[in-house]
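Below are the chains, spelled out letter by letter.
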Amino acid sequence: MLSSFYDPLLDSNPGTGLPYPESYWAQGISPWSAPALSGEQQTEVAVIGGGYTGLSCAWHLASQHGIQPTVLEANQIGWGCSGRNGGFVLNGTGRLSFSQIESKWGEQSAQAVYAEYRQAIDTVSALIEVGSIPCEPVYGGYLKIAHNRQSVEELKQQATLMRNKFGDPLRFISAQELEQNFLHSPQAHGALHYPYSFGLHPLKLAQGYANMARQAGASIHPQSPVIQIRPEGNKIRLLTPSGSLLANKLVIASNGYTPNQFHSAVDKRHFPVLSSIIVTSPLSAAQLEASGLKSGLMAMDTRTLKYYYRLLPDNRLLFGGRGAIRGKDANHPVYKKRLLKVLIQTLPALDGIQAEYFWSGWVSVSLDDYPRICQADDEGRVFYAMGYCGSGVSFASQAGKRLAQRVAGDLNLPALPFMQSPLPTFPIAQFRRLGLWAFYHLGRFRDGLL
Ligand SMILES: Cc1cc2nc3c(=O)[nH]c(=O)nc-3n(C[C@H](O)[C@H](O)[C@H](O)COP(=O)(O)OP(=O)(O)OC[C@H]3O[C@@H](n4cnc5c(N)ncnc54)[C@H](O)[C@@H]3O)c2cc1C
């Protein structure tokens, strides 16, 4: 029996044909229309999950490798994170900084990872162009804002490393320049500006990827949760409530929404964590003036428990951060109130503003803070990509491309740490939520919010 908000650690599947959540992005958007899987079908490659990873994989398989896959999505296209995120197209994924990446794997791998992250942004831009996707891109870059004075030095060091090692065009912005050109906030002591990042409408991007994949020859079935996966000879049979699919190969692209006991390749190898967003009423001209927010501003802060915000094209402010721990608490008003409180602390000129939308989604966190794009078995039948730790608009699109290459046996892949090993198993998986609770308390204590 499903609780009202799907919980991957407790429920056996995400549901069947559930509507989009009542998010800002879903307003006025019809579900992407296609029939559920029915009867007995066969395919070369079955892809589970209709988000960016699964859809990008499907498009790349069909358009670049001559393989026509079948995508099975439990609910609607982009029903998971891909239709619920903040729409920040960022340079990176996971939670490791470039200096951590360098000390873990050495300079050559750090260069390869940097190149991959930048290519991921280009992949999103290329797909938007090829598919003429009307996902309302907003250019102008993104700010990583030092929320206190101590973080300023860290940002300056990061800027030096990024410029010198990788030739990154980012630049440090002083508190005065922030005040003059970007926003008025007592919690903005300096920032890094990443000029190549951009914002978009995430759900329109997901539906655009689905159109492209279908046009290229993929079969896509929403309302088709996979409720059982079992081997059949050297093939794999997937069962949904209304049909069954026999596949030569399987791609698991269900990410943070992957049910707890789903497939041995992914079970206990990630931790679904809730991230939540509020969107305010449109800012008046006076509120825009008082907050100093400039059109298209996209920012994230340097707190342990990071907050991110974005001025949307209709002058509403999107503000996101951590959510509840359990699915059944996801919609509790306390989390909406908490986001609104931090928003006001960040931008005091907006005191009194209302949050008109509030929603949450499950991101997939890996034990060692970086994702995998993985072939899970020796035979080359089962593949997955997950563990993006909440940063996946660009990386999921790129991971789909890399998954397609792996599935097609393309050996022309860069030697990236993400592809060298499977996701590690959480040692005492049943206590993951207790660990998160402790982490949140420590984080709130460090961030001075307790
Ligand atoms: C609130 C929030 C804000 C975020 N903001 C940003 C951001 O601004 N920038 C950024 O880079 N990243 C952001 N992210 C993360 C980003 O959205 C994800 O990393 C990315 O969308 C993952 O895409 P995906 O295709 O791998 O997974 P998803 O989009 O989550 O898709 C997985 C799909 O699998 C389906 N599924 C699961 N189980 C089954 C089954 N048994 N059968 C069939 N289908 C199944 C689900 O229904 C779901 O639709 C945010 C995430 C959240 C929740």
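The structure presented is a predicted model; accordingly, all values stated were derived computationally and were not measured. (Residues numbered from 1 in each chain as written. Predicted model: local features only at pLDDT ≥ 70, side-chain atom pairs only at ≥ 80, totals over all residues. Heavy atoms only, no water.)

### Some points on unusual backbone geometry
And step 1. The residue lysine 268 is not glycine, and still its phi comes out positive at about 65°.
And step 2. Mapped onto the elements, lysine 268 comes out in the loop between strand E12 (243-252) and strand E13 (271-280).
And step 3. A positive phi angle, close to 55°, is found at cysteine 389, a residue other than glycine.
And step 4. In this structure, cysteine 389 sits in the loop between strand E19 (382-386) and helix H9 (393-407). (Helix = DSSP H or I, 4+ residues; strand = E, 2+ residues; numbered from the N terminus.)

### Quick notes on a nonpolar patch on the surface
And step 1. A cluster of nonpolar side chains, namely Ile428, Phe431 and Leu434, defines an oily patch on the protein surface of about 320 Å² accessible area.
And step 2. Note that isoleucine 428 resides in the loop between H9 and helix H10 (432-446). (Patch = residues over 30% accessible without salt bridge, like charges linked within 9 Å, V, L, I, M, F, W, Y side chains within 5 Å. Areas by Shrake-Rupley, 256 points an atom, 1.4 Å probe, with all protein chains shown as cover. Salt bridge = Lys/Arg side-chain N within 4 Å of Asp/Glu carboxyl O.)

### Some points on the domain arrangement of the protein chain
And step 1. Split by domain assignment, the protein chain resolves into domain 1 (1-139 + 198-271 + 366-450) and domain 2 (140-197 + 273-365).
And step 2. Using C-alpha coordinates to define each centre, domain 1 is positioned 25 Å away from domain 2.
And step 3. With 56 residues of domain 1 in contact, the opposing surface of domain 2 contributes 51 residues.
And step 4. Taken together, the two surfaces of domain 1 and domain 2 that pack against each other cover about 4,500 Å², and 64% of this comes from carbon and sulfur.
And step 5. When the area that domain 1 buries against domain 2 is broken down by residue, the three leading residues are Phe5, Tyr24 and Phe88, summing to 17%.
And step 6. Viewed at the interface, domain 2 and domain 1 are joined by one salt bridge.
And step 7. Its salt-bridge partner being lysine 165, residue glutamate 102 comes within 3.1 Å of it at the nearest N-O pair. (Domains from an automatic or database assignment. Contact = heavy atoms within 4.5 Å. Buried area = accessible area lost by both parts, 1.4 Å probe.)

### Remarks on the sheet that holds strand E3 (residues 88-89)
And step 1. The three strands lie next to each other as E3-E8-E4, forming an open sheet whose pairing is antiparallel. On the outer flanks of this sheet lie E3 and strand E4 (138-139), each paired with one strand and no other.
And step 2. As judged from the two bridges shared by E4 and strand E8 (residues 198-199), these two strands associate in the antiparallel manner. Residue pairing for E8: tyrosine 139 is matched across the bridge by phenylalanine 198. (Pairing = 2+ DSSP bridges.)

### As for the site of the ligand
And step 1. As a structural note, the neighbourhood of the ligand is formed by 38 residues, with Thr53, Glu73, Ser82, Asn255 and Val393 the closest of them.
And step 2. Contacts to the ligand include threonine 53, whose side-chain N or O atom sits 2.6 Å from an oxygen atom.
And step 3. A distance of 2.6 Å separates an oxygen atom of the ligand from a polar side-chain atom of asparagine 255.
And step 4. Burial of the ligand by the protein chains amounts to 98% of its free accessible area of 1,000 Å².
And step 5. Going through the elements one at a time, helix H1 (52-64), E13, strand E17 (355-365) and H9 are the ones with two or more residues in the shell around the ligand.
And step 6. For the shell around the ligand, the per-class residue count stands at 20 nonpolar, 16 polar and two charged.
And step 7. Two domains share the shell around the ligand, each providing at least three of its residues, namely domain 1 (1-139 + 198-271 + 366-450) and domain 2 (140-197 + 273-365). (Near = heavy atom within 4 Å. Polar contact = N/O pair within 3.5 Å; in protein donor to acceptor, adjacent residues only side chain to side chain. Nonpolar A, V, L, I, M, F, W, Y, C, P; charged D, E, K, R; others polar.)

### Thoughts on the sheet that holds E13
And step 1. Judged by pairing direction, the sheet is mixed, and its eight strands sit side by side in the order E6-E7-E5-E14-E15-E16-E13-E17 without closing on themselves. Either end of the sheet is taken by a strand with one partner, and the two such strands are strand E6 (171-174) and E17. Averaged over all pairs of adjacent strands, the angle between strand axes in this sheet comes to 20°, irrespective of strand direction.
And step 2. Sheet contacts for helix H4 (residues 150-166): strand E5 (142-145), E6 and strand E7 (190-194); angle to E7, the most-contacted strand, approximately 25°. (Axes fitted to C-alpha atoms, helices over the stretch in contact; angles between N-to-C directions.)

### Section: the packing of helix H3 (residues 107-130) against H9
And step 1. Viewed as axis vectors pointing N to C, H3 and H9 meet at an angle of 90°, and their least axial separation amounts to 8 Å. Taken together, the axes of H3 and H9 lie roughly perpendicular to each other. Contact residues: H3 offers Glu116, Tyr117, Gln119, Ala120, Ile121, Thr123, Val124 and Leu127, while H9 offers Val393, Ser394, Phe395, Ser397, Gln398, Lys401 and Arg402.
And step 2. By residue class, the composition of the contact of H3 with H9 is seven nonpolar, five polar and three charged. (Parallel < 35°, antiparallel > 145°, perpendicular 65-115°, else oblique.)

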